[in-house]
Amino acid sequence: MGLSASWLYLIIAIPAASAALLLLGGRATNAWGHLLGTAASLASFALGVLAFLQLRDSPDLQGGLRQELFSWIQVGGFDVTFGLLFDRLSGLFVLLITGVGSLIHIYSIGYMAHDERRRRFFAQLNLFIAAMLMLVLADDYLTLFLGWEGVGLASYLLIGFFQQKTSAAVAAKKAFVVNRVGDIGMALCIMLMFATFGTSSFVGVESGMEQVSAGTATALGLLLLLAACGKSAQVPLQSWLLDAMEGPTPVSALIHAATMVTAGVYLVVRSSYVFEQTEVAQTAVVIVGLVTLLWGAIIGCAKDDIKKGLAGSTMSQIGYMMLAAGIGPAAYSFAIFHLLTHGFFKANMFLGAGSVMHAMNDEVDMRSYGALRGLMPITFVTFACGYLAIIGFPGFSGFWSKDKIIEAAFGENLLVGLGALLGAGITAFYMTRMMIMTFVSEKRWAKDAHPHESSLVMTIPLMVLAVASVFGGVLLLNDWIGNWLAPVVGEVEHHELPLGLTELSLTIAVAVVVFIGVGIAARMYRLDSIAAVPSAGVSPLTTAARRDLYGDAFNEVALMRPGQALTRGLVTFDDRGVDGAVNGLAAVVGGSSGRIRRWQTGFVRSYALSMLGGSALVVLALLAVKLA
Amino acid sequence: MSVTPFLVLSALLFSIGAIGVLVRRNAIVVFMCVELMLNASNLTFVAFARQHGNLDGQIAAFFVMVVAAAEVVVGLAIIMTIFRTRRSASVDDASLLKY
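Residues numbered from 1 in each chain as written. Chains lettered and ligands numbered in written order. Predicted model: local features only at pLDDT ≥ 70, side-chain atom pairs only at ≥ 80, totals over all residues. Heavy atoms only, no water.

**Things to note about the overall build of chain A**
- When you go through chain A residue by residue, the secondary structure sums to 24 helices and 3 strands.
- Once the C-alpha set of chain A is aligned to its principal axes, its extents read approximately 115 × 65 × 60 Å.
- Nonlocal contacts in chain A, meaning residues at least 24 apart in sequence, comprise 81% of its contacts between residues at least 6 apart.
- Carbon and sulfur atoms make up 67% of the accessible area of chain A, which totals about 25,800 Å².
- Here chain A contributes 38 positively and 40 negatively charged side chains, and the mean placements of these two sets differ by 15 Å. (Helix = DSSP H or I, 4+ residues; strand = E, 2+ residues; numbered from the N terminus. Contact = heavy atoms within 4.5 Å. Areas by Shrake-Rupley, 256 points an atom, 1.4 Å probe, with all protein chains shown as cover. Lys, Arg positive; Asp, Glu negative; His and termini not counted. Charge placed at Lys NZ, Arg CZ, Asp CG, Glu CD.)

**Details of the environment of Arg 433 of chain A**
All names here are of chain A.
- Among the secondary structure elements, Arg 433 is positioned in helix 18 (residues 414-439).
- Taking the C-alpha atoms as reference points, Arg 433 and Phe 86, separated by 347 residues in sequence, lie 41 Å from one another.
- Look past the residues within four positions of Arg 433 in its chain and what remains in contact with it is Gly 300, Cys 301, Ala 302, Lys 303, Asp 304, Met 366, Arg 367, Ala 521 and Tyr 525.
- Among the polar contacts made by the side chain of Arg 433, one reaches the side chain of Tyr 525 at a distance of 3.0 Å. (Polar contact = N/O pair within 3.5 Å; in protein donor to acceptor, adjacent residues only side chain to side chain.)

**Considerations on unusual backbone geometry**
All names here are of chain A.
- That bond from Val 235 to Pro 236 is cis: its omega, 10°, falls within 30 degrees of zero.
- Relative to the helices and strands, Pro 236 is located in the loop between helix 8 (214-232) and helix 9 (239-243).
- Phi is positive for Asp 548, which is not a glycine, with a value near 60°.
- Relative to the helices and strands, Asp 548 resides in the loop between helix 22 (540-546) and helix 23 (551-597).
- Despite not being glycine, Leu 549 has its phi angle at roughly 50°, a positive value.
- Along the chain, Leu 549 falls in the loop between helix 22 and helix 23.

**Observations regarding the interface of chain A and chain B**
- Each partner contributes residues to the interface: chain A has 11 residues there, and chain B has 13 residues.
- Together chain A and chain B conceal approximately 1,100 Å² of surface at their shared face, both sides included; 63% is due to carbon and sulfur atoms.
- Counting every contact that joins chain A to chain B gives 1 salt bridge.
- Between Arg 605 of chain A and Asp 92 of chain B there is a salt bridge; the shortest N-O distance is 2.7 Å.
- Summed over the shared surface of chain A and chain B, the number is 3 residue pairs in polar contact (both at pLDDT 80 or more).
- Here the element with the most residues in the side of chain A that touches chain B is helix 24 (residues 604-627) of chain A; it accounts for 5 residues.
- Residues that form the side of chain A that touches chain B fall into these classes: 5 nonpolar, 3 polar and 3 charged. (Buried area = accessible area lost by both parts, 1.4 Å probe. Salt bridge = Lys/Arg side-chain N within 4 Å of Asp/Glu carboxyl O. Nonpolar A, V, L, I, M, F, W, Y, C, P; charged D, E, K, R; others polar.)

**Here's the deal with the layout of surface pockets**
- Here the largest pocket is characterised by a volume of approximately 900 Å³.
- If you trace the largest pocket, you find 32 residues lining it, with Val 604 and Ala 608 of chain A together with Val 21, Val 30 and Val 34 of chain B closest to the centre.
- Looking at the lining of the largest pocket, the elements with two or more residues in it are helix 24 of chain A together with helix 1 (4-23), helix 2 (27-52) and helix 3 (56-86) of chain B.
- It is helix 24 of chain A that provides the largest number of residues to the lining of the largest pocket, a total of 8 residues.
- Split by residue class, the lining of the largest pocket holds 24 nonpolar, 6 polar and 2 charged.
- A volume near 600 Å³ is recorded for the second largest pocket.
- Lining the second largest pocket are 19 residues; nearest its centre among them are Val 178, Ser 239, Asn 555, Glu 556 and Leu 559 of chain A. (1 Å grid on protein atoms, 1.4 Å probe; cavity = no way out; pocket = protein on both sides within 12 Å on 5 of 7 lines; lining within 4 Å. Points joined across faces, edges and corners; volume = space filled by probe spheres on them.)

**Observations regarding the packing of helix 13 (residues 279-302) of chain A against helix 14 (residues 306-327) of chain A**
All names here are of chain A.
- Following both chains from N to C, one finds helix 13 and helix 14 inclined at 160°, their axes separated by 7 Å at the closest point. One way to sum up the angle between helix 13 and helix 14 is to call them roughly antiparallel. When you trace helix 13 past helix 14, the crossing you get is left-handed. Along its contact with helix 13, which presents Gln 282, Val 285, Val 286, Gly 289, Thr 292, Leu 293, Trp 295, Gly 296, Ala 297 and Gly 300, the element helix 14 presents Gly 309, Gly 312, Ser 313, Met 315, Ser 316, Gly 319, Tyr 320, Met 322, Leu 323, Ala 325, Gly 326 and Ile 327.
- Residue composition of the contact of helix 13 with helix 14, by class: 11 nonpolar, 11 polar and no charged. (Axes fitted to C-alpha atoms, helices over the stretch in contact; angles between N-to-C directions. Parallel < 35°, antiparallel > 145°, perpendicular 65-115°, else oblique. Left-handed = near helix turned anticlockwise from the far one by under 90°.)

**Examining the environment of Leu 92 of chain A**
Residues and elements named next belong to chain A.
- With respect to the element layout, Leu 92 can be found in helix 3 (residues 88-111).
- In this structure Leu 92 comes out as buried when scored by relative accessible area, which is 6%.
- In the structure, Leu 92 is positioned 245 residues away from Phe 337 in sequence and 9.6 Å away in space, judged by C-alpha atoms.
- In this structure Leu 92 touches Phe 52, Ile 336, Leu 340, Trp 480, Ile 481, Trp 484 and Leu 485, once residues within four positions along its chain are discounted. (Buried < 20%, exposed > 50% of the residue type's maximum accessible area, 1.4 Å probe, protein only.)

**Overview of a nonpolar patch on the surface**
Residue and element names in this part refer to chain A.
- A contiguous nonpolar surface patch, about 570 Å² in accessible area, is contributed by Leu 504, Ile 508, Val 512, Ile 516, Ile 520 and Met 524.
- Mapped onto the elements of the fold, Ile 520 is located in helix 21 (residues 503-527).
- For Ile 520, a relative accessible area of 44% translates into the label partly exposed. (Patch = residues over 30% accessible without salt bridge, like charges linked within 9 Å, V, L, I, M, F, W, Y side chains within 5 Å.)

**Concerning the pattern of salt bridges**
Residues and elements named next belong to chain A.
- Across all of its chains, the model carries 14 salt bridges over all chains by this definition.
- Among the salt bridges present, the one from Lys 165 reaches Glu 246, with a minimum N-O distance of 3.4 Å. Taken together, the positions of Lys 165 in the loop between helix 5 (141-159) and helix 6 (166-197) and Glu 246 in the loop between helix 9 and helix 10 (249-258) put the pair 81 residues apart, joining distant regions of the chain.
- Given a relative accessible area of 36%, Lys 165 falls into the partly exposed group.
- In this structure Glu 246 comes out as partly exposed when scored by relative accessible area, which is 23%.
- A single network of salt bridges, built from pairs that share partners, joins Glu 149, Arg 180 and Asp 183.

**Let's talk about the nonpolar core**
- Membership of the largest hydrophobic core comes to 199 residues, with the highest contact counts inside it found for Phe 86, Phe 128 and Tyr 141 of chain A.
- When sequence neighbours within four positions are dropped, the list of residues in contact with Tyr 141 of chain A reads Met 186, Ile 190, Met 193, Ser 200, Phe 202, Val 205, Leu 224, Leu 267, Ser 271 and Tyr 273 of chain A.
- Counting residues in each nonpolar core, the second largest holds 7 residues, with Ala 608 of chain A together with Ala 18, Val 29 and Val 30 of chain B among its members. (Core = buried A, V, L, I, M, F, W, Y, C linked by side-chain atoms within 4.5 Å.)

**Thoughts on the packing of aromatic side chains**
All names here are of chain A.
- Overall, the coordinates contain 17 aromatic pairs over all chains when judged by the stated rule.
- Ring centres of Trp 480 and Trp 484 lie 5.3 Å apart, and the angle between their planes is 15°; this geometry places the pair in the stacked category. Of this pair, Trp 480 and Trp 484 both sit in helix 20 (residues 480-489), 4 residues apart, which is roughly one turn of that helix.
- Assessed through its relative accessible area of 5%, Trp 484 is described here as buried.
- A network of ring pairs unites the aromatic residues Phe 121, Phe 122, Phe 161 and Phe 162 as a single cluster. (Phe/Tyr/Trp six-rings, centres within 6.5 Å; stacked < 30°, edge-to-face > 60°.)

By themselves, these are just geometric observations and shouldn't be taken as functional.
Listed below in structure tokens is the structure:
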């Protein structure tokens, strides 16, 4: 067990209280709402750093810092304590969430300056931070679920922040519904845990895992994977992420790139003890990760909307993390490593995209950009840092993290490794394409566009994130990340590479593939001029990628239409069958009573006749009984 | 002494009363016919009491008389009131209480 820390709850409570104050305070808080929101996030970050330092300075503190707050649910043998756990894994997440979160808060002060609902925006950002911290600091799957649903709510609110736009409202609803599918997996998983172990705490599940049957372990693993797919936009629950770009750009950076979408990876890594008992679920995680990393990358190649291109890339990078998390002890720490570096460079690039949009009157089509590097030097340089990091340019953070994952993938299986390698090449292609279309090439601006560099409040977070994108690789020095996470996920195992490959030759192979990707993109987009409208008559693959690889079409045909047909059928059955029976009975009773009523004529003599007739009948009946 | 003639007379009186109730419109006559039916049943009670040699039937007849007396009081009062308001004692005219 770990050390108890009585102030741990403040990390969550401060942003939560700020969110409540800003939401309930109304217009009175308009003037300083954004400052309070930013301060709350920074305070949380400071506390996170304190806890992290305490954890670092006590090497024997492997159980992490703990705080038990209160007994949450207590019914018979069903006992859930509301507790927090700040261990080495959640510590990294807390720093990422509050650190990147604070930078995005600062950026949003500038980005949302002209929005009259800015206070509400900051309240919802704080709500998100609190829920996400709840998710990673929980020490029980049930409390984790609380944060899990909280981030779902915050994500819904923020995607639909521009609620006057129908597309934003629809996208928010779509994200909520698709996430609900994943949440079913999470809920079923928790129920199965209660049924099997009688508890859902991390400690209880971990200690019970060794005795469970293979079937139960596989079921738990697959349900966790379903939950992770929903939150992390993995195939087959990927369709919501591209539409989620309807939200304000800082939201895309914070929630749909750096933090919330990584919750699925966190869940899988946190539940490593479940996945280690079940080969089937592990393989399923690897397959989902591999499919998604290629899926997202292919979509990213065909998008002209800069944010959707980045969203496809996010999907793809989370696919890498998922793949690593599925490989097992050989790659858990690299999944988290890539998650951290991705958090830096993707937030950096999303915020850079926001800066570009800000300069171009909220235009998102890259075909209307071009030649912005001269006018927006800071945005260009910081975006370029993120670009070099994500494609894995040697020395930048993404190079170290992605290289490690590809290496682990080759150690797992040759095909998986080749898939991951191909993904790296495609990543290089679509990111170079984005870079060229936005910052290089010739001007293709709209007539009324007057691009300008953004204010310092927006560019300083960009610079900080750019530095982190460049130097994020230091976490790998002396295998620090692997050793740091070893108490939580186990020591890093090393697998033999196939085909007599060595680590060095593989690194070179990755670099070569990346340069090929960059080269193809440079040839295609640098030499030829870029048309103002997407060219027609392209290959079927490009058409498919422009339509998100028919993800929505598939959902529509396979799920939406049958679902609608089912509901229509049920409505018809309800109207005709159930209502018909009830209404028919009522009509029969009503109609006959209307007839019977007419017997009440008001004539006393007719009543007397019926009385006499009735009495005669009774007498006859009695006689008949007597004589029979 | 046989009880049969009494019963035959009683049945005749009862039938006359019942037919009177059904066919006459005048409330007073209907009322008188009801009395006739009650007294027909009284006759039956008394005849059987005599045959069995105990007083049960006679007591029942007394009860019927008491009830009939009370009924006459209330009934005549109602008929009087209806006559005052409608200037008619026909039971068919007083047919407002209906569907």
